[in-house]
Structure formats: structure tokens, C-alpha cells
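# Reading the structure
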Amino acid sequence: MQKDQLLTRRRALLTGAAALGAAGVAAALVPGTGNRAAPPAPPAPGAQAARRPLKPSEYRLRPLTGYGPPSATGSTPVRTEPLLRMSGRGRTMVLTFDDGPDPRYTTPILDTLARYEVRAMFFVCGEMAAENPDLLARMADEGHVVGNHTWSHPLLTRLGRRRIRLEMERTCDIIEKAHGERPQWFRAPYGAWNRAAFQLGAELGMEPLAWTVDTLDWTTPGTATIVDRVEDGAAPGVVVLSHDAGGDRSQSVRALRAYLPGLLDSGYHISVPRRQYA
Ligand SMILES: [Zn+2]
């Protein structure tokens with residue numbers, strides 16, 4: 001690709017991000033539910049509270065006037081529940097890929113995202129990132145957001161605080177080295193959050209992000225089933241969970257090729273969330 005074309009593409013991606021802009025990640029009302037409030041469901045492994053309407057105030061980012069940059073301790077709120085979806089106007093969705101990077105699957109996923117000029121989020125594991133720094137560099141070049149998914153993918157609820165901190169911190173460091181920036185987002189393995197994970201994540205400047213639609217692609221249900229789950233779950237603000245490592249993810253790779261053009265044709269804007277600071 002010519003350099004000027006690359007720049008044009010990069011600019012287009014950045015423009016897309018700017019368009020999302022004020023949306024950020026925060027609580028969102030599920031369209032059509034008439035602003036009905038419901039208590040947040042406790043997060044459980046593999047069973048996030050999908051499509052449940054959330055009270056507008058519940059996960060909204062607090063104004064952070066007077067605090068320092070996101071990396072500074074105290075600038076990130078300590079939450080008691082992870083964010084599940086994006087707020088904002090328009091048909092915006094977020095695609096997230098966990099457990100990688102793995103060149104066998106991450107590379108074709110990046111190729112597909114590049115083909116349609118959309119950006120996504122990759123929640124990487126430190127031990128995978130350490131082996132594939134080139135893929136994190138490519139994610140940076142192409143405007144993707146890299147989040148922290150711990151070093152070795154443990155069940156955090158069984159670990160002590162010191163070990164959790166080590167899992168998170170080492171991963172922040174390797175992401176910064178390979179991607180160029182420290183991560184602003186954290187996702188607990190298996191969606192199993194605890195108080196230490198929220199507190200330590202905030203100390204390290206990361207917001208907890210879960211998901212709205214689980215493709216359950218790790219169960220290898222078939223490419224068509226993964227596509228159906230994404231298409232059935234598609235709605236403004238939805239965050240989709242898939243995997244680009246941790247097993248044979250060729251179905252996830254093929255599914256993306258099928259549903260991504262479909263979502264774009266349906267008018268969805270696929271983008272990445274932006275942290276909001278006053
Ligand atoms: Zn995972």
C-alpha cells in the first residue's frame with residue numbers, strides 16, 4: 001500500500017473515532033425499553049447481563065475535573081461492576097477479541113478489520129503479547145485499542161491481591177513496550193471480577209470493560225452460529241466478545257468476515273470506546 005493511501009486510511013479511522021467522541025463508554029439505555037431502570041445483574045463467568053436495561057447513572061463515568069492524566073493514581077474511579085456497553089447516539093458497536101495475540105488468528109482478524117477500515121479492541125494476555133510484540137505494534141499502527149487481560153489468564157477470584165497486581169502490572173508494562181501506550185481498559189478472565197480487580201485496575205488507570213453479547217465462540221459452535229449470535233445481538237452500544245487465541249479460533253476468524261460487512265451494511269458504525277476526562 002502506498003504511504004499516502006495508508007495515511008488516508010489512518011485518517012479515516014481517526015475521523016471515525018472522533019465521530020464517536022462524546023459517546024465514550026458509560027451506561028446506555030437500551031433502545032425501546034422506555035428508559036426503564038433495572039438493577040445491574042451480578043457479573044458471572046460466561047453469563048454477563050446481556051441486553052438488560054441499565055439505569056443511566058449506574059455505570060456513567062463521573063466527571064473527573066481536577067484530576068491528573070489517566071495514568072495517575074486516583075484519576076480512574078473504582079467501580080463495583082464492569083462497564084457492559086457504550087452510550088451515545090447512533091448505531092455504534094464495539095468488537096472485542098480476547099486472549100491473544102496469536103498470529104494464526106489475530107493476523108487474519110486484523111486483515112479483515114483493515115479491509116473494512118474499522119477499529120476494534122484486543123484484550124491481550126501479557127504472556128501472548130510478549131511472544132508477539134509485532135502484532136501489538138500493528139494494532140497501534142492501525143488504530144486498535146489494546147486492553148489488559150492479565151498475564152496468564154488466571155481466575156482472579158482465587159488469587160491474592162499481590163498476585164493479581166503482578167498479573168496486571170506486568171501486562172501493562174509489556175503492552176506499553178510493544179504497543180506504545182499503557183492500557184486504559186481491563187477485562188477480567190472469565191468475566192470473574194472481584195473487589196481487588198476493580199481497585200487495582202483503577203490504581204493502574206484502567207476502566208473495567210465486560211461485554212453485552214457473548215458469541216461463545218470458544219465452544220466452537222460453528223461459524224454460522226457465531227454469525228447469528230452477533231447479528232441477533234446487534235444493537236446500538238453493544239460490546240461483542242470473541243476470541244483470537246486460546247484454542248482453534250478459525251470459526252471466529254471466518255465469522256468476522258461474514259458478519260462485519262453485514263453490520264456495516266445495516267448502518268452500524270464499528271468503533272472503539274474513548275475514555276472521558278474533563
Ligand atoms: Zn479470556
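Residues numbered from 1 in each chain as written. Predicted model: local features only at pLDDT ≥ 70, side-chain atom pairs only at ≥ 80, totals over all residues.

## Description of the nonpolar core
We count it as follows: As used here, a nonpolar core is made of buried Ala, Val, Leu, Ile, Met, Phe, Trp, Tyr and Cys residues. They are joined through C-beta atoms within 7 Å. Counting other C-beta atoms within 10 Å of a residue's own tells you its class, since 20 or more makes it buried, 12 or fewer makes it exposed, and anything in between is partly exposed; those C-beta atoms are placed from the backbone. By definition, residues are in contact whenever their C-beta atoms, placed on the basis of the backbone, come within 7 Å of each other.
Core analysis: the largest hydrophobic core is formed by 62 residues, its most contacted members being Val 124 and Val 240. Ignoring sequence-local partners within four residues, the contact set of Val 240 consists of Met 93, Val 94, Leu 95, Thr 96, Trp 211, Val 213, Thr 215, Val 230 and Gly 233.

## Brief notes about the environment of Trp 185
Note the cut-off: Where helices and strands are cited, they refer to DSSP runs of H or I of at least four residues and of E of at least two residues respectively, numbered from the N terminus.
By secondary structure assignment, the location of Trp 185 is in strand E4 (residues 185–186). Taking the C-alpha atoms as reference, Trp 185 lies 8.8 Å from Val 145; in sequence the two are 40 residues apart. Residues in contact with Trp 185, not counting those within four places in the same chain, are Met 121, Val 145, Gly 147, Asn 148, Met 206, Glu 207 and Leu 209.

## Structural notes on helix H2 (residues 103–115)
Rules: The span one expects for a helix is its residue count, reduced by one, times 1.5 Å.
With 13 residues, H2 extends 17 Å from end C-alpha to end C-alpha; this agrees with the ideal 18 Å at 1.5 Å per step. Looking at the buried positions of H2, the neighbouring elements they touch are strand E1 (92–98), helix H4 (133–141) and helix H8 (250–265). Glu 117, located one to two residues past H2, shows a positive phi value of around 55 degrees.

## Comments concerning H8
Cut-off, in case you're wondering: We define the bend at any residue as the angle between the axes fitted to the seven residues before and including it, ending there, and the seven starting there.
For H8, which comprises 16 residues, the first-to-last C-alpha distance of 24 Å matches the rise-based estimate of 22 Å (1.5 Å per residue) to within 8%. Along its length, H8 reaches its greatest deviation from straightness, about 25 degrees, at Leu 256. Regarding H8, the residues found buried are Gln 251, Ser 252, Val 253, Ala 255, Leu 256, Tyr 259, Leu 260 and Leu 263. Contacts from the buried residues of H8 go to E1, H2, helix H7 (223–233), strand E7 (239–243) and strand E8 (269–270). Phi for Gly 267, located one or two positions after H8, is positive at around 95 degrees.

## Examining the pairing of E1
Spelled out, the test is: Pairs of strands are assigned from DSSP output, requiring at least two bridges between the strands.
Counting buried positions along E1 gives seven out of seven residues, so the element sits mostly inside the fold. Here E1 shows no split at all, with Thr 92, Val 94, Thr 96 and Asp 98 on one side and Met 93, Leu 95 and Phe 97 on the other all buried. Here E1 runs beside E8; their pairing, made up of two bridges, is parallel. The residue of E8 that forms the bridge with Met 93 is Ile 270. Two elements, E1 and E7, share five bridges in a ladder whose sense is parallel. Of the residues in E7, the one forming a bridge with Val 94 is Val 239. Sheet analysis places E1 next to strand E2 (residues 121–124), joined by three bridges and oriented parallel. Within E2, the residue paired with Thr 96 across the bridge is Met 121.

## Considerations on the pairing of E2
Test applied: Whether a crossover is right-handed comes down to one check: with the strands pointing away from the viewer, does the path from the first strand over the helix to the second run clockwise; if it does, it is right-handed.
Judged by which residues are buried, E2 turns out to be covered on both faces: Met 121 and Phe 123 on one side and Phe 122 and Val 124 on the other are all buried. In this view, the connection linking E1 to its parallel neighbour E2 by way of H2 has right-handed handedness.

## Remarks on the environment of Met 128
Along the chain, Met 128 falls in helix H3 (residues 126–131). Under the C-beta neighbour-count criterion, Met 128 is labelled buried, with 25 such atoms within 10 Å. As a C-alpha pair, Met 128 and Asp 99 span 29 residues in sequence and 7.7 Å in three-dimensional space. Here Met 128 is in contact with Gly 100, Pro 101, Asp 102 and Ala 245, once residues within four sequence places are set aside.

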